[in-house]
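# Structure at a glance
Residues per chain are reported as follows:
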Amino acid sequence: MQSREEVAANNDIFVLTMCAAQVPSLSTLETLLSKRPLLISGPCSAETPDQVLQTALRLKATGKVDMLRAGIWKPRTKPGLFEGVGKKGLPWLQEARSQTGLPVMVEVATAKQVEEALAHQIDALWIGARTTVNPFSVQEIADALSGVTIPIFIKNPINPDLELWAGAVERVERAGIKQIGLIHRGFSTFGQTPYRNAPLWHLAIEMKLRFPKLLFINDPSHICGRRDLLAEVMQRAIDLDMDGLMVESHSQPDQAWSDAAQQVSPEALSVLLEKLVWRNDDSQSIDYHSALDQLRQQINQLDEEVLQLLGRRMQVAEQIAHYKKENNITILQAGRWQEIMQRTLARAEELKLGREFITQYLDALHMESINHQQKILDRKSSDTDFAAAR
Ligand code: PEP
Ligand code: MN
(Lines give C-alpha, C1' and ligand atoms only; values in the text may rest on other atoms or scores of the structure.)
(Ligands and ions follow the chains in the order given, each with its own letter.)
Protein backbone atom coordinates (compact mmCIF):
# COMPACT_ATOMS: atom_id res chain seq x y z
CA MET A 1 0.00 0.00 0.00
CA GLN A 2 1.20 3.51 -0.81
CA SER A 3 2.22 5.83 1.99
CA ARG A 4 0.49 9.23 2.07
CA GLU A 5 3.68 10.83 0.82
CA GLU A 6 3.71 8.52 -2.18
CA VAL A 7 0.08 9.38 -2.79
CA ALA A 8 1.05 13.03 -2.81
CA ALA A 9 3.94 12.32 -5.11
CA ASN A 10 1.93 10.46 -7.73
CA ASN A 11 -0.16 13.57 -8.22
CA ASP A 12 -3.41 11.64 -8.64
CA ILE A 13 -6.07 14.30 -8.15
CA PHE A 14 -8.86 11.77 -7.50
CA VAL A 15 -6.94 10.00 -4.74
CA LEU A 16 -5.87 13.34 -3.30
CA THR A 17 -9.44 14.61 -3.23
CA MET A 18 -10.39 11.48 -1.33
CA CYS A 19 -7.59 12.17 1.16
CA ALA A 20 -8.74 15.74 1.53
CA ALA A 21 -12.27 14.59 2.25
CA GLN A 22 -10.90 12.55 5.13
CA VAL A 23 -9.51 15.61 6.89
CA PRO A 24 -11.11 15.19 10.30
CA SER A 25 -12.22 17.92 12.68
CA LEU A 26 -13.82 20.08 9.99
CA SER A 27 -16.91 20.89 12.03
CA THR A 28 -14.79 21.53 15.12
CA LEU A 29 -12.54 23.66 12.97
CA GLU A 30 -15.56 25.65 11.82
CA THR A 31 -16.55 26.27 15.46
CA LEU A 32 -12.97 27.17 16.24
CA LEU A 33 -12.78 29.68 13.40
CA SER A 34 -15.75 31.53 14.87
CA LYS A 35 -13.86 32.07 18.14
CA ARG A 36 -12.90 35.68 18.86
CA PRO A 37 -10.09 36.52 19.16
CA LEU A 38 -8.67 33.65 17.13
CA LEU A 39 -5.04 33.11 18.13
CA ILE A 40 -2.65 31.39 15.75
CA SER A 41 0.97 30.84 16.66
CA GLY A 42 3.98 28.71 15.87
CA PRO A 43 7.41 28.96 14.32
CA CYS A 44 8.26 30.88 11.19
CA SER A 45 9.71 27.58 9.92
CA ALA A 46 9.50 23.97 10.98
CA GLU A 47 13.18 23.07 11.56
CA THR A 48 13.33 19.76 13.42
CA PRO A 49 10.71 17.33 14.80
CA ASP A 50 11.70 18.32 18.33
CA GLN A 51 11.51 22.08 17.72
CA VAL A 52 8.00 21.72 16.23
CA LEU A 53 6.78 19.49 19.04
CA GLN A 54 8.34 21.50 21.88
CA THR A 55 6.93 24.75 20.49
CA ALA A 56 3.49 23.16 20.06
CA LEU A 57 3.42 21.63 23.57
CA ARG A 58 4.50 24.89 25.19
CA LEU A 59 1.96 26.87 23.16
CA LYS A 60 -0.74 24.43 24.21
CA ALA A 61 0.36 24.82 27.84
CA THR A 62 -0.33 28.58 27.70
CA GLY A 63 -4.01 27.71 27.16
CA LYS A 64 -4.30 30.74 24.87
CA VAL A 65 -3.52 29.46 21.38
CA ASP A 66 -6.12 28.00 18.98
CA MET A 67 -4.06 26.92 15.96
CA LEU A 68 -0.47 25.96 15.21
CA ARG A 69 1.32 27.48 12.22
CA ALA A 70 4.68 26.52 10.68
CA GLY A 71 6.34 27.23 7.35
CA ILE A 72 7.47 24.10 5.52
CA TRP A 73 8.31 25.70 2.18
CA LYS A 74 9.87 29.14 2.76
CA PRO A 75 9.93 31.77 0.03
CA ARG A 76 13.22 33.60 0.57
CA THR A 77 14.28 36.83 -1.06
CA LYS A 78 17.78 35.51 -1.84
CA PRO A 79 18.97 31.98 -2.73
CA GLY A 80 21.22 30.16 -0.31
CA LEU A 81 19.11 30.99 2.76
CA PHE A 82 17.14 28.29 4.58
CA GLU A 83 14.25 27.45 2.27
CA GLY A 84 12.28 25.21 4.60
CA VAL A 85 12.51 21.50 5.33
CA GLY A 86 9.93 20.64 2.66
CA LYS A 87 7.36 17.85 2.86
CA LYS A 88 9.30 15.84 5.44
CA GLY A 89 8.08 18.45 7.95
CA LEU A 90 4.42 17.63 7.34
CA PRO A 91 4.41 14.48 9.56
CA TRP A 92 6.04 16.58 12.34
CA LEU A 93 2.98 18.83 12.25
CA GLN A 94 0.67 15.82 12.25
CA GLU A 95 2.46 14.59 15.36
CA ALA A 96 2.21 18.01 17.02
CA ARG A 97 -1.51 18.02 16.29
CA SER A 98 -2.04 14.55 17.69
CA GLN A 99 -0.18 15.45 20.91
CA THR A 100 -1.80 18.86 21.46
CA GLY A 101 -5.13 18.74 19.62
CA LEU A 102 -4.21 22.03 17.94
CA PRO A 103 -5.24 22.22 14.26
CA VAL A 104 -2.21 22.88 12.06
CA MET A 105 -1.64 25.19 9.11
CA VAL A 106 1.14 25.69 6.57
CA GLU A 107 1.95 28.10 3.76
CA VAL A 108 1.47 26.89 0.18
CA ALA A 109 2.73 28.50 -3.00
CA THR A 110 2.19 25.82 -5.67
CA ALA A 111 -0.40 23.18 -6.59
CA LYS A 112 2.07 20.45 -5.61
CA GLN A 113 2.45 21.92 -2.14
CA VAL A 114 -1.34 22.07 -1.78
CA GLU A 115 -1.55 18.41 -2.73
CA GLU A 116 1.17 17.37 -0.30
CA ALA A 117 -0.38 19.37 2.54
CA LEU A 118 -3.82 17.86 1.85
CA ALA A 119 -2.36 14.35 1.69
CA HIS A 120 -1.03 14.93 5.22
CA GLN A 121 -4.39 16.19 6.55
CA ILE A 122 -3.11 19.68 7.26
CA ASP A 123 -6.17 21.51 8.65
CA ALA A 124 -5.77 24.92 7.02
CA LEU A 125 -3.49 26.61 4.49
CA TRP A 126 -2.27 30.11 3.96
CA ILE A 127 -1.10 31.88 0.82
CA GLY A 128 1.97 33.99 1.55
CA ALA A 129 2.54 37.63 0.68
CA ARG A 130 5.01 36.78 -2.09
CA THR A 131 2.45 34.47 -3.69
CA THR A 132 -0.61 36.74 -3.43
CA VAL A 133 1.19 39.17 -5.77
CA ASN A 134 1.16 36.62 -8.57
CA PRO A 135 -2.27 35.86 -10.10
CA PHE A 136 -0.84 32.81 -11.97
CA SER A 137 0.29 31.25 -8.69
CA VAL A 138 -2.94 32.11 -6.89
CA GLN A 139 -4.97 30.58 -9.74
CA GLU A 140 -2.81 27.46 -9.68
CA ILE A 141 -3.48 27.10 -5.95
CA ALA A 142 -7.19 27.81 -6.43
CA ASP A 143 -7.39 25.09 -9.13
CA ALA A 144 -5.66 22.62 -6.82
CA LEU A 145 -8.27 23.44 -4.15
CA SER A 146 -11.24 22.74 -6.36
CA GLY A 147 -13.63 20.36 -4.60
CA VAL A 148 -11.77 20.63 -1.29
CA THR A 149 -13.26 21.92 1.96
CA ILE A 150 -10.47 23.50 3.95
CA PRO A 151 -10.03 27.00 5.40
CA ILE A 152 -7.70 29.18 3.34
CA PHE A 153 -6.03 32.30 4.70
CA ILE A 154 -4.73 34.87 2.25
CA LYS A 155 -1.96 37.24 3.27
CA ASN A 156 -1.87 40.71 1.77
CA PRO A 157 0.48 41.06 -1.22
CA ILE A 158 3.89 42.54 -0.39
CA ASN A 159 3.05 45.68 -2.37
CA PRO A 160 0.22 47.94 -1.20
CA ASP A 161 -2.29 46.87 -3.86
CA LEU A 162 -5.74 46.02 -2.55
CA GLU A 163 -6.99 44.90 -5.96
CA LEU A 164 -4.42 42.08 -6.01
CA TRP A 165 -5.47 41.02 -2.52
CA ALA A 166 -9.16 41.17 -3.49
CA GLY A 167 -8.40 39.32 -6.74
CA ALA A 168 -6.80 36.47 -4.77
CA VAL A 169 -9.91 36.27 -2.57
CA GLU A 170 -12.09 36.05 -5.67
CA ARG A 171 -9.98 33.27 -7.21
CA VAL A 172 -10.15 31.21 -4.01
CA GLU A 173 -13.88 31.91 -3.63
CA ARG A 174 -14.49 30.75 -7.21
CA ALA A 175 -12.71 27.48 -6.39
CA GLY A 176 -15.59 26.88 -3.96
CA ILE A 177 -13.71 27.57 -0.73
CA LYS A 178 -16.19 28.74 1.89
CA GLN A 179 -13.93 29.56 4.83
CA ILE A 180 -11.59 32.34 3.78
CA GLY A 181 -9.51 34.43 6.14
CA LEU A 182 -7.43 37.51 5.41
CA ILE A 183 -4.06 38.07 7.05
CA HIS A 184 -2.70 41.59 7.28
CA ARG A 185 1.12 41.32 7.46
CA GLY A 186 2.12 44.82 6.34
CA PHE A 187 3.53 46.09 3.06
CA SER A 188 7.02 46.66 1.62
CA THR A 189 7.42 50.37 1.21
CA PHE A 190 10.18 52.64 0.15
CA GLY A 191 11.41 55.02 2.80
CA GLN A 192 12.04 54.99 6.52
CA THR A 193 9.74 53.16 8.90
CA PRO A 194 10.49 51.42 12.19
CA TYR A 195 8.71 48.36 10.83
CA ARG A 196 9.94 45.55 8.60
CA ASN A 197 6.71 45.94 6.64
CA ALA A 198 4.70 49.14 7.05
CA PRO A 199 1.26 48.31 8.48
CA LEU A 200 -0.57 50.92 6.35
CA TRP A 201 -3.57 50.47 8.63
CA HIS A 202 -5.85 52.42 6.30
CA LEU A 203 -5.45 49.66 3.69
CA ALA A 204 -6.27 46.97 6.23
CA ILE A 205 -9.36 48.95 7.27
CA GLU A 206 -10.47 49.35 3.66
CA MET A 207 -10.04 45.61 2.99
CA LYS A 208 -11.99 44.78 6.16
CA LEU A 209 -14.81 47.07 5.04
CA ARG A 210 -14.81 45.52 1.56
CA PHE A 211 -15.02 41.97 2.90
CA PRO A 212 -16.92 42.36 6.19
CA LYS A 213 -17.82 38.66 6.32
CA LEU A 214 -14.26 37.32 6.05
CA LEU A 215 -12.17 36.53 9.08
CA PHE A 216 -9.56 39.26 9.48
CA ILE A 217 -6.30 38.30 11.18
CA ASN A 218 -3.35 40.54 11.97
CA ASP A 219 0.22 39.21 11.71
CA PRO A 220 2.25 41.55 13.92
CA SER A 221 5.43 39.45 13.51
CA HIS A 222 6.00 40.24 9.83
CA ILE A 223 4.89 43.85 10.33
CA CYS A 224 7.36 44.44 13.18
CA GLY A 225 10.36 42.32 12.19
CA ARG A 226 11.51 42.68 15.83
CA ARG A 227 9.90 41.45 19.01
CA ASP A 228 10.04 44.72 20.97
CA LEU A 229 7.43 46.30 18.68
CA LEU A 230 4.93 43.42 18.87
CA ALA A 231 2.88 44.64 21.86
CA GLU A 232 2.07 47.99 20.28
CA VAL A 233 1.02 46.50 16.93
CA MET A 234 -1.04 43.74 18.54
CA GLN A 235 -2.94 46.32 20.61
CA ARG A 236 -3.52 48.47 17.56
CA ALA A 237 -4.95 45.48 15.68
CA ILE A 238 -7.34 44.77 18.55
CA ASP A 239 -8.39 48.41 18.75
CA LEU A 240 -9.23 48.20 15.04
CA ASP A 241 -11.52 45.22 15.71
CA MET A 242 -9.42 42.58 13.96
CA ASP A 243 -10.74 39.04 14.54
CA GLY A 244 -7.47 37.53 15.64
CA LEU A 245 -3.69 37.41 15.59
CA MET A 246 -1.05 35.21 13.98
CA VAL A 247 2.16 35.59 15.98
CA GLU A 248 5.38 33.70 15.30
CA SER A 249 6.75 31.74 18.25
CA HIS A 250 9.66 29.33 18.67
CA SER A 251 10.97 27.04 21.40
CA GLN A 252 14.32 28.90 21.17
CA PRO A 253 13.60 32.15 19.32
CA ASP A 254 17.18 33.41 19.13
CA GLN A 255 18.30 30.18 17.47
CA ALA A 256 15.54 30.23 14.83
CA TRP A 257 16.68 29.41 11.28
CA SER A 258 14.47 32.17 9.86
CA ASP A 259 13.02 35.41 11.24
CA ALA A 260 14.77 35.02 14.62
CA ALA A 261 14.50 38.68 15.61
CA GLN A 262 10.71 38.72 15.50
CA GLN A 263 9.93 35.37 17.16
CA VAL A 264 9.07 34.97 20.84
CA SER A 265 8.95 31.97 23.13
CA PRO A 266 5.50 30.53 23.86
CA GLU A 267 5.75 31.86 27.42
CA ALA A 268 6.69 35.37 26.20
CA LEU A 269 3.72 35.21 23.85
CA SER A 270 1.49 34.35 26.77
CA VAL A 271 2.72 37.44 28.67
CA LEU A 272 2.18 39.63 25.59
CA LEU A 273 -1.38 38.33 25.27
CA GLU A 274 -2.10 38.93 28.95
CA LYS A 275 -1.07 42.56 28.69
CA LEU A 276 -3.43 43.31 25.82
CA VAL A 277 -6.62 45.22 26.48
CA TRP A 278 -9.35 43.27 24.72
CA ARG A 279 -12.22 45.42 23.47
CA ASN A 280 -15.83 44.69 22.58
CA ASP A 281 -17.34 45.91 19.35
CA ASP A 282 -20.55 46.91 21.11
CA SER A 283 -22.04 47.43 24.57
CA GLN A 284 -25.35 46.72 26.31
CA SER A 285 -25.13 49.98 28.28
CA ILE A 286 -28.01 52.42 27.61
CA ASP A 287 -25.87 55.37 28.77
CA TYR A 288 -23.15 54.43 26.31
CA HIS A 289 -25.64 54.26 23.43
CA SER A 290 -27.40 57.53 24.23
CA ALA A 291 -24.09 59.42 24.66
CA LEU A 292 -22.81 57.95 21.42
CA ASP A 293 -26.04 58.78 19.54
CA GLN A 294 -25.75 62.43 20.54
CA LEU A 295 -22.09 62.68 19.64
CA ARG A 296 -22.69 60.93 16.31
CA GLN A 297 -25.42 63.43 15.48
CA GLN A 298 -22.90 66.20 16.12
CA ILE A 299 -20.41 64.44 13.82
CA ASN A 300 -23.06 64.13 11.07
CA GLN A 301 -23.89 67.83 11.41
CA LEU A 302 -20.21 68.83 11.32
CA ASP A 303 -19.57 66.64 8.25
CA GLU A 304 -22.49 68.37 6.51
CA GLU A 305 -21.04 71.79 7.35
CA VAL A 306 -17.56 70.81 6.17
CA LEU A 307 -19.05 69.63 2.85
CA GLN A 308 -21.05 72.84 2.40
CA LEU A 309 -17.93 74.90 3.11
CA LEU A 310 -15.92 72.85 0.59
CA GLY A 311 -18.64 73.41 -2.01
CA ARG A 312 -18.60 77.15 -1.26
CA ARG A 313 -14.80 77.21 -1.48
CA MET A 314 -14.89 75.65 -4.97
CA GLN A 315 -17.44 78.23 -6.11
CA VAL A 316 -15.04 81.01 -5.05
CA ALA A 317 -12.17 79.25 -6.87
CA GLU A 318 -14.35 79.18 -10.00
CA GLN A 319 -14.98 82.92 -9.70
CA ILE A 320 -11.22 83.43 -9.52
CA ALA A 321 -10.85 81.24 -12.64
CA HIS A 322 -13.12 83.56 -14.61
CA TYR A 323 -10.84 86.50 -13.76
CA LYS A 324 -7.72 84.46 -14.62
CA LYS A 325 -9.32 83.51 -17.93
CA GLU A 326 -10.26 87.06 -18.84
CA ASN A 327 -6.73 88.26 -18.02
CA ASN A 328 -4.98 85.21 -19.53
CA ILE A 329 -3.31 84.16 -16.26
CA THR A 330 -2.07 80.63 -15.37
CA ILE A 331 -4.20 78.55 -13.01
CA LEU A 332 -1.22 77.51 -10.91
CA GLN A 333 0.14 80.31 -8.80
CA ALA A 334 2.96 78.63 -6.86
CA GLY A 335 3.70 81.59 -4.57
CA ARG A 336 0.09 81.93 -3.51
CA TRP A 337 -0.17 78.17 -2.83
CA GLN A 338 3.01 78.20 -0.70
CA GLU A 339 1.49 81.00 1.35
CA ILE A 340 -1.74 79.01 1.90
CA MET A 341 0.23 75.87 2.85
CA GLN A 342 2.40 77.66 5.41
CA ARG A 343 -0.47 79.54 7.02
CA THR A 344 -2.76 76.50 7.16
CA LEU A 345 -0.08 74.14 8.52
CA ALA A 346 0.80 76.60 11.29
CA ARG A 347 -2.88 76.98 12.22
CA ALA A 348 -3.41 73.21 12.01
CA GLU A 349 -0.64 72.69 14.53
CA GLU A 350 -2.39 75.05 16.97
CA LEU A 351 -5.57 73.02 16.47
CA LYS A 352 -3.61 69.77 17.09
CA LEU A 353 -4.31 68.42 13.61
CA GLY A 354 -1.66 66.02 12.24
CA ARG A 355 0.78 67.58 9.77
CA GLU A 356 0.61 64.61 7.40
CA PHE A 357 -3.19 64.64 7.42
CA ILE A 358 -3.39 68.38 6.72
CA THR A 359 -0.72 68.15 4.01
CA GLN A 360 -2.71 65.38 2.27
CA TYR A 361 -5.93 67.35 2.73
CA LEU A 362 -4.38 70.52 1.25
CA ASP A 363 -2.91 68.61 -1.70
CA ALA A 364 -6.32 67.08 -2.45
CA LEU A 365 -8.04 70.44 -2.00
CA HIS A 366 -5.56 72.18 -4.30
CA MET A 367 -5.99 69.52 -6.99
CA GLU A 368 -9.78 69.74 -6.80
CA SER A 369 -9.59 73.54 -7.02
CA ILE A 370 -7.28 73.31 -10.06
CA ASN A 371 -9.71 70.88 -11.74
CA HIS A 372 -12.66 73.24 -11.14
CA GLN A 373 -10.65 76.18 -12.53
CA GLN A 374 -9.45 74.15 -15.53
CA LYS A 375 -13.06 73.45 -16.53
CA ILE A 376 -13.76 77.20 -16.60
CA LEU A 377 -10.63 77.93 -18.67
CA ASP A 378 -11.50 75.13 -21.12
CA ARG A 379 -15.01 76.47 -21.76
CA LYS A 380 -15.55 78.12 -25.15
CA SER A 381 -18.01 80.95 -24.44
CA SER A 382 -16.01 82.90 -21.88
CA ASP A 383 -18.16 86.06 -22.01
CA THR A 384 -21.38 84.43 -20.88
CA ASP A 385 -19.51 82.43 -18.20
CA PHE A 386 -17.87 85.53 -16.86
CA ALA A 387 -21.14 87.41 -16.75
CA ALA A 388 -22.79 84.48 -15.00
CA ALA A 389 -20.03 84.32 -12.41
CA ARG A 390 -20.46 87.92 -11.26
C1 PEP B 1 5.49 33.59 7.13
O2 PEP B 1 4.34 33.71 7.61
O3 PEP B 1 6.41 32.98 7.67
C4 PEP B 1 5.79 34.31 5.88
C5 PEP B 1 6.70 33.91 5.02
O6 PEP B 1 5.09 35.41 5.81
P7 PEP B 1 4.85 36.50 4.63
O8 PEP B 1 4.24 35.74 3.49
O9 PEP B 1 3.92 37.42 5.29
O10 PEP B 1 6.19 37.11 4.33
MN1 MN C 1 8.40 34.37 9.13
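Residues numbered from 1 in each chain as written. Chains lettered and ligands numbered in written order. Predicted model: local features only at pLDDT ≥ 70, side-chain atom pairs only at ≥ 80, totals over all residues. Heavy atoms only, no water.

## Things to note about the pattern of salt bridges
What counts is decided by this rule: One side-chain nitrogen of Lys or Arg within 4 Å of one carboxyl oxygen of Asp or Glu is enough to make a salt bridge.
Enumeration according to the criterion identifies 19 salt bridges in this entry. Here R226 and D228 are joined by a salt bridge, their closest N and O atoms 2.8 Å apart. Salt bridges sharing partners connect three or more residues here, namely K87, K112 and E116.

## What to know about helix 16 (residues 355–378)
Selection criterion: Labels follow the DSSP assignment, with helices taken as runs of H or I lasting at least four residues and strands as runs of E lasting at least two, numbered in each case from the N terminus. Expected helix span is taken as 1.5 Å per residue step, with the number of steps being one fewer than the number of residues. When accessible area is computed with a 1.4 Å probe and restricted to protein chains, residues below 20% of their type maximum are described as buried, those above 50% as exposed, and intermediate ones as partly exposed. The criterion used for residue contact is that any of the two residues' heavy atoms lie within 4.5 Å.
Helix length check: helix 16 (24 residues) gives 34 Å between terminal C-alpha atoms against 34 Å at 1.5 Å per residue, within 8%. Every buried residue of helix 16 is accounted for by I358, L362, L365, H366, S369, I370, H372, Q373 and I376. Buried-residue contacts for helix 16 involve helix 14 (286–326) and helix 15 (334–350).

## Thoughts on the layout of surface pockets
Note the following rule: Of the grid points, spaced at 1 Å and generated over the protein atoms alone, those admitting a 1.4 Å probe that cannot get out make up cavities, while open sets with protein on both sides within 12 Å along at least five of seven lines make up pockets; any residue with an atom within 4 Å of a point is treated as lining. Grid points are joined across faces, edges and corners, and a volume is the space filled by probe spheres set on the points. Here the nonpolar group is Ala, Val, Leu, Ile, Met, Phe, Trp, Tyr, Cys and Pro; Asp, Glu, Lys and Arg are the charged ones; every other residue, Gly included, is treated as polar.
Approximately 650 Å³ is the volume found for the largest pocket. Residue lining of the largest pocket: 23 residues in total, with R313, R336, W337, I340 and L365 positioned closest to the centre. Elements represented by at least two residues in the lining of the largest pocket include exactly helix 14, helix 15 and helix 16. Broken down by element, the lining of the largest pocket gets its largest block of residues, nine residues, from helix 14. In the lining of the largest pocket, the residues fall into 13 nonpolar, five polar and five charged. Reported here for the second largest pocket is a volume of approximately 310 Å³. In terms of lining residues, the second largest pocket is bounded by 15 residues, among which I238, D241, M242, R279 and D281 are the most central. Of all elements in the fold, only helix 12 (230–239) and strand 8 (244–248) reach the threshold of two or more residues within the lining of the second largest pocket. With four residues, helix 12 is the largest single contributor of residues to the lining of the second largest pocket. Within the lining of the second largest pocket, the residues separate by chemical class into seven nonpolar, two polar and six charged.

## Observations regarding the environment of Q263
Counting through the fold element by element, Q263 comes out in the loop between strand 8 and helix 13 (266–275). Taking C-alpha positions, Q263 is 26 Å from S34, a pair spaced 229 residues apart along the chain. Q263 has contacts with G42, P43, C44, R227, E248, S249, H250, P253, A256 and S258, leaving out every residue within four places of it along the chain.

## Examining the pairing of strand 7 (residues 215–218)
Strand residues, when the strand is regular, have side chains that alternate between the two faces of the sheet. Filter applied, for reference: We call two strands paired when DSSP finds no fewer than two bridges between them. Here is how to tell: hold the view so the strands point away, follow the path from the first strand over the helix to the second, and if it runs clockwise the crossover is right-handed.
Neither face of strand 7 is left uncovered, since the one carrying L215 and I217 and the one carrying F216 and N218 both have all their residues buried. Sheet topology places strand 6 (residues 180–184) next to strand 7; four bridges connect them, and they run parallel. Looking at the pairing, H184 lines up with N218 of strand 7. One crossover worth recording links strand 6 to the parallel strand 7 by way of helix 10 (residues 201–210), and it is right-handed. Bridge count for strand 7 against strand 8 is two bridges, and the pairing is parallel. By the bridge assignment for strand 8, N218 is matched with L245.

## Considering the packing of helix 4 (residues 49–62) against helix 13
Our working definition: The angle between two axes is taken between their N-to-C directions and runs from 0 to 180 degrees, where each axis is a line fitted to C-alpha atoms and a helix contributes only its stretch in contact. To sort the angles, those under 35 degrees are grouped as roughly parallel, those over 145 as roughly antiparallel, those from 65 to 115 as roughly perpendicular, and the leftovers as oblique. A clockwise turn of the near helix away from the far one marks a right-handed crossing, whereas an anticlockwise turn of less than a right angle marks a left-handed crossing.
It is the contact of helix 4 with helix 13, at a shortest axis distance of 9 Å, that shows an interaxial angle of 30°. Between helix 4 and helix 13, the angle falls in the class roughly parallel. With respect to the hand of their crossing, helix 4 and helix 13 are arranged in right-handed fashion. Of helix 13, the residues touching helix 4 (which contributes T55, R58, L59 and T62) are P266, E267, L269 and S270. Looking at the contact of helix 4 with helix 13 residue by residue, the class counts come to three nonpolar, three polar and two charged.

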